[in-house]
Amino acid sequence: MYRRYADRQPRLKSNFLGLLVLVALLATSVGTSAAQQDSQPAASDLHTIVASDGVTPEALPTSESRRQRWGVSTPFAGTDILPLLPAADLDAANEVAVAPVLPGDQVSPESVIGPDGRYRITATTSYPYRAIAFITSNIGSCSGWLIGPDTVATAGHCIHNGNWASNVRVYPGRSSSSTPYGSCGATRLYSVTGWTRDRNRDYDYGAIKLNCDVGDTTGWFGFRWQSSSMNGQSTYLAGYPGDKSYATMWRHDDQVRETRSRRLYYANDTYGGQSGSPVWNGRSNCSPCGIAIHAYGRDSTGYNGGTRITEAVFNNLLNWKNAPK
Amino acid sequence: MEGQSQGDRKGRMLLFLVALVMFGCGTAVNPLASGGPDTPSSGLPGQPDGAPPRNRVQGQVSDKGGASLPGVLVTPRSTDAPPQAVPEIAITTDEDGRYQWVLPPGNYELTFTQNGYAPATVAVTVMADRPVTVDIILQHR
């Protein structure tokens with residue numbers, strides 16, 4: 001017996017050593033994870049709201065505890081009774097185009113994928129086109145879409161490019177020099193720290209709080225989020241590309257080609273000026289329903305892309321929609 | 001004895017393999033491996049985009065006579081492989097013919113277009129540490 005026990009001792013020692021190695025390796029693995037977690041801010045931090053005047057609404061609670069997998073903000077078609085424009089806006093309504101009018105075949109932009117499939121929307125007073133807006137500011141021109149009576153969703157880089165944009169002007173349903181709903185200024189600009197502080201294009205979104213309630217007339221888009229892949233879902237995209245006649249609305253239809261955690265990719269043809277455009281489709285309880293905010297031309301994926309409306313983006317959009325002027 | 005030492009070696013080898021497998025599992029379930037910035041929904045590890053440095057490309061556009069040209073559309077296109085994603089803003093020159101783009105470092109072609117003028121395209125390298133100035137003279141068609 002004694003000999004057997006003595007024979008076993010080396011084996012026990014080696015097993016003990018093996019266990020020590022195992023524990024050490026596991027500790028290293030856990031330590032590495034913890035270090036990596038510490039080195040990156042939590043995603044929720046990057047969705048922290050910032051406002052041009054420092055007035056930020058309280059954050060809405062997330063559905064984490066409810067294990068929700070989707071969420072919807074419902075659209076509204078508007079009254080379409082043309083507003084009586086205040087005197088200041090009459091000038092804006094009669095504004096003459098100053099930017100170039102370029103034939104579409106003059107350029108071969110990176111973000112037109114294959115033949116240019118865009119078609120012009122001339123009936124910009126019909127819904128939902130009247131809820132899509134041409135936006136001008138000191139940064140440049142962009143597109144946006146109404147998500148409430150006085151709130152326009154757009155790309156973060158359209159309203160914050162190191163500094164907040166100034167001279168922001170929003171023209172819903174504009175078609176060339178025709179501005180059927182006049183124009184509105186901004187009382188406040190919203191974005192998130194992931195964009196304004198970190199310039200991270202996963203967080204490239206924001207909103208303009210208007211000094212008018214034009215959305216009651218034009219209506220607004222719904223928007224929704226879902227956690228599962230959106231590959232194959234339709235993507236309708238309309239906005240104001242800079243390579244076409246000034247301030248004219250163009251649309252192209254495709255589908256989600258690639259779903260990322262914070263971005264959607266699609267082959268809708270776009271051009272500079274279409275940042276902030278709605279990327280939408282329809283569901284029984286939400287049509288038209290925004291699923292992304294267009295932001296970038298083609299990247300390494302080979303597709304154009306936009307900021308996906310995730311739960312965190314949805315909550316912020318809803319928060320901005322419900323915030324007072 | 002030889003059989004026993006072989007058994008010990010096998011035992012050690014087995015423990016080592018178990019340790020390796022567990023270490024591998026520990027890495028695979030690291031939430032950051034699938035939860036970092038913009039990873040594919042499939043859970044495949046993706047390249048984080050992070051917060052790239054950016055810098056200005058600025059300049060002035062004029063005609064052959066030296067007059068400033070307002071309203072010239074200035075469009076960057078990435079010539080890197082793979083291409084940089086370019087924000088889809090429409091930037092035109094102001095009343096003094098000046099423009100400014102803010103872009104991540106890399107190689108681009110800037111195209112200047114205005115009705116009545118021949119388009120011009122210029123290669124530009126945007127650097128992280130200093131802004132680049134590109135002044136252009138457009139020729140009448």
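Rules used throughout
- Residues numbered from 1 in each chain as written.
- Chains lettered and ligands numbered in written order.
- Predicted model: local features only at pLDDT ≥ 70, side-chain atom pairs only at ≥ 80, totals over all residues.
- Heavy atoms only, no water.
- Helix = DSSP H or I, 4+ residues; strand = E, 2+ residues; numbered from the N terminus.
- Buried < 20%, exposed > 50% of the residue type's maximum accessible area, 1.4 Å probe, protein only.
- Contact = heavy atoms within 4.5 Å.
- pLDDT = per-residue confidence, 0-100.
- Pairing = 2+ DSSP bridges.
- Core = buried A, V, L, I, M, F, W, Y, C linked by side-chain atoms within 4.5 Å.
- Salt bridge = Lys/Arg side-chain N within 4 Å of Asp/Glu carboxyl O.
- Axes fitted to C-alpha atoms, helices over the stretch in contact; angles between N-to-C directions.
- Disulfide = S-S within 2.5 Å.

Undergrad: Just checking my understanding: could you explain the overall build of chain B for this structure?
TA: Helix and strand content of chain B: 2 helices and 8 strands. Going from N to C terminus, chain B has its helices and strands arranged as α-α-β-β-β-β-β-β-β-β. Buried positions account for 38% of the 141 residues belonging to chain B. Across chain B, the fraction of contacts at a sequence separation of at least 24, relative to all contacts at a separation of at least 6, is 55%.

Undergrad: How should I be thinking about the confidence of the model for chain A in this particular structure?
TA: The predicted coordinates of low-pLDDT regions are not to be read in fine detail. All names here are of chain A. Confidence in the prediction of chain A, expressed as mean pLDDT, is 83, and 75% of residues score 70 or more. In this model residues 1-8 is a low-confidence stretch, pLDDT under 50, and it forms 1 contact with partners more than four residues away in sequence or in other chains. For residues 23-40, every residue scores under 50 in pLDDT, and the model assigns this stretch 16 contacts once sequence neighbours within four places are set aside.

Undergrad: What am I meant to see in unusual backbone geometry here?
TA: Most peptide bonds take the trans configuration, and most residues that are not glycine carry a negative phi. The omega angle of the peptide bond from Tyr127 of chain A to Pro128 of chain A is 10°, so this bond is cis rather than trans. Here Pro128 of chain A shows up in the loop between β3 (119-121) and β4 (132-136). In this structure, Pro82 of chain B follows Ala81 of chain B across a cis peptide bond, with omega equal to 0°. Phi at Asn167 of chain A is positive, roughly 55°, even though this residue is not glycine. For Asn167 of chain A, the position within the fold is in the loop between α4 (156-159) and β7 (169-172).

Undergrad: Help me out: how do you make sense of the sheet that holds strand β2 (residues 73-78) of chain B in this one?
TA: Consider a sheet: its strands pair through backbone hydrogen bonds, and that pairing is either parallel or antiparallel. Residue and element names in this part refer to chain B. Taken together, the 4 strands give an open sheet; going across it, the order is β3-β2-β5-β6, and neighbouring strands pair in antiparallel fashion. Every interior strand has two partners, whereas the edge strands, β3 (91-92) and β6 (120-126), have only one. When β2 meets β3, the two strands line up antiparallel, connected through 2 bridges. Across the sheet, Val74 pairs through a bridge with Ile91, a residue of β3.

Undergrad: It is not clear to me how the nonpolar core should be interpreted in this structure. Could you clarify?
TA: As a rule of thumb, soluble globular proteins bury nonpolar side chains together. Grouped together as the largest cluster of nonpolar side chains are 79 residues, with contacts concentrated most on Ile208 and Leu210 of chain A together with Val57, Tyr99, Phe112 and Leu138 of chain B. Once residues within four sequence positions are removed from consideration, Val57 of chain B is found in contact with Tyr99, Gln100, Trp101, Leu103, Leu110, Val124, Val126, Val132 and Val134 of chain B. Ranked by size, the runner-up nonpolar core spans 8 residues in total, among them Leu237, Val256, Leu264 and Tyr266 of chain A.

Undergrad: Would you mind showing me how to read the pattern of salt bridges here?
TA: Pairing between side chains becomes possible if they bear opposite charge and their charged atoms approach one another. All names here are of chain A. Within the structure shown, the criterion is met by 15 salt bridges over all chains. For Arg130, the salt bridge is made with Asp80, and the minimal N-O distance between the two is 3.5 Å. Of the two residues, Arg130 is situated in the loop between β3 and β4 and Asp80 in the loop between β2 (70-73) and α3 (87-93); the sequence distance between them amounts to 50 residues. Take Asp80: its relative accessible area is 32%, and that puts it in the partly exposed class. Note that Asp254 is salt-bridged to Arg257, the shortest N-O span being 2.8 Å. According to the relative accessible area criterion, Asp254 is buried, its value standing at 17%.

Undergrad: What am I meant to see in the sheet that holds strand β9 (residues 206-210) of chain A here?
TA: All names here are of chain A. The sheet built from 7 strands is open, its strands ordered β1-β8-β9-β6-β5-β4-β7 with antiparallel pairing. Strands with a single pairing partner mark the edges of an open sheet, and in this sheet they are β1 (49-51) and β7. The mean inter-strand angle of the sheet, taken between neighbouring strand axes irrespective of direction, is 30°. Examined bridge by bridge, β4 and strand β5 (residues 141-148) share 5 bridges and lie antiparallel to one another. Its bridge partner lying in β5, Phe134 is registered against Ser143.

Undergrad: Would you mind going over the environment of Gly282 of chain A with me for this structure?
TA: Tracing the chain through its elements places Gly282 of chain A in strand β14 (residues 278-283). As a C-alpha pair, Gly282 of chain A and Phe223 of chain A span 59 residues in sequence and 9.7 Å in three-dimensional space.

Undergrad: Help me out: how do you make sense of the state of the cysteines in this one?
TA: Where two cysteines share a covalent bond between their sulfur atoms, that bond is called a disulfide. All names here are of chain A. For the structure shown, the criterion picks out 3 disulfides over all chains. Two residues, Cys142 and Cys158, share a disulfide whose sulfurs are 2.1 Å apart. Looking down the S-S bond of the Cys142 and Cys158 bridge, the torsion is -85°, so its handedness is left-handed. With Cys142 in strand β5 and Cys158 in helix α4, this residue pair connects regions lying 16 residues apart in the sequence. Each disulfide pairs two cysteine sulfurs, and for Cys286 the partner residue is Cys289, the sulfurs being separated by 1.9 Å. Note on the Cys286 and Cys289 pair: the S-S dihedral is about 90°, so by sign convention the disulfide is right-handed. This pair shows no difference in class: Cys286 is buried, exactly as Cys289 is. Sequential numbering of the bridged cysteines in chain A gives the disulfide pattern 1-2, 3-4, 5-6.

Undergrad: I keep staring at the pairing of strand β1 (residues 55-63) of chain B and nothing clicks. Help me out?
TA: Residues in a regular strand point their side chains to alternate faces of the sheet. All names here are of chain B. Of the pairings in the sheet, the one linking β1 to strand β4 (residues 98-103) comprises 6 bridges and is antiparallel in character. Bridge pairing links Asn55 to Leu103 in β4. Bridge count for β1 against strand β8 (residues 136-138) is 3 bridges, and the pairing is parallel. Bridging from a neighbouring strand, Val61 pairs with Ile136 of β8.

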